[in-house]
Amino acid sequence: RAEDTTMWQLSFPVSEEEATRLGSDPALLLAAALERCGSWHSPIPELLRATTLDLVSGYPVYDRDLPDSKTMRGGSSRV
């Protein structure tokens, strides 16, 4: 039921290789989330433990430099 569902998201720094490895295995990714946040205040650990593996996904996210003001004003962009 939609009213019983909570969406959560977690980001943490790891190498691109580790991010790819974790993202390829939902069980590993959820275990990494529990390792990092399992001792946080309630209801965080309960939320993580209630998450089913079919709802877990992950992929690398990259930090990028901010575009210059010309790009932000509609100049040519490759973003």
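Before any of the text, the structure's been laid out above.
Worth saying up front: this structure is predicted, and the values here are computed from it rather than measured. (Residues numbered from 1 in each chain as written. Predicted model: local features only at pLDDT ≥ 70, side-chain atom pairs only at ≥ 80, totals over all residues. Heavy atoms only, no water.)

Scanning the protein chain from N- to C-terminus turns up four helices and zero strands. When the elements of the protein chain are put in sequence order from the N terminus, they spell out α-α-α-α. Relative to a compact globule of 79 residues, whose C-alpha radius of gyration would be 12 Å, the protein chain shows 17 Å and is clearly more extended. Principal axes of the C-alpha set define a box for the protein chain whose edges measure 45 × 35 × 25 Å. Long-range contacts, defined here as pairs at least 24 residues apart, represent 43% of the contacts in the protein chain between residues at least 6 apart. Here the protein chain displays about 6,900 Å² of accessible surface, and carbon together with sulfur accounts for 53% of that area. Charged side chains of the protein chain number 8 positive and 12 negative; the gap between the two group centres comes to 9 Å. (Helix = DSSP H or I, 4+ residues; strand = E, 2+ residues; numbered from the N terminus. Rg over C-alpha atoms; globule rule 2.2 N^0.38 Å. Contact = heavy atoms within 4.5 Å. Areas by Shrake-Rupley, 256 points an atom, 1.4 Å probe, with all protein chains shown as cover. Lys, Arg positive; Asp, Glu negative; His and termini not counted. Charge placed at Lys NZ, Arg CZ, Asp CG, Glu CD.)

Turning next to the pattern of salt bridges. If you walk through the whole model with that rule in mind, you get one salt bridge. A salt bridge links arginine 21 to glutamate 18, with the shortest nitrogen-to-oxygen separation between them at 2.9 Å. A residue pair is termed a helical-turn pair when its members lie 3 or 4 positions apart in one helix, as arginine 21 and glutamate 18 do in helix 1 (residues 16-23) at three residues. Judged by relative accessible area, arginine 21 falls into the partly exposed class, the value being 39%. (Salt bridge = Lys/Arg side-chain N within 4 Å of Asp/Glu carboxyl O. Buried < 20%, exposed > 50% of the residue type's maximum accessible area, 1.4 Å probe, protein only.)

Before going further, it helps to examine helix 2 (residues 26-37). Compared with the 16 Å implied by 1.5 Å per residue over twelve residues, the 16 Å span of helix 2 between its first and last C-alpha is a close match. Elements in contact with the buried residues of helix 2: helix 1 and helix 3 (44-49). Residue aspartate 25 occupies the N-cap position of helix 2, its side-chain oxygen lying 3.0 Å from the main-chain nitrogen of alanine 27. (Expected span 1.5 Å × (residues − 1). Polar contact = N/O pair within 3.5 Å; in protein donor to acceptor, adjacent residues only side chain to side chain.)

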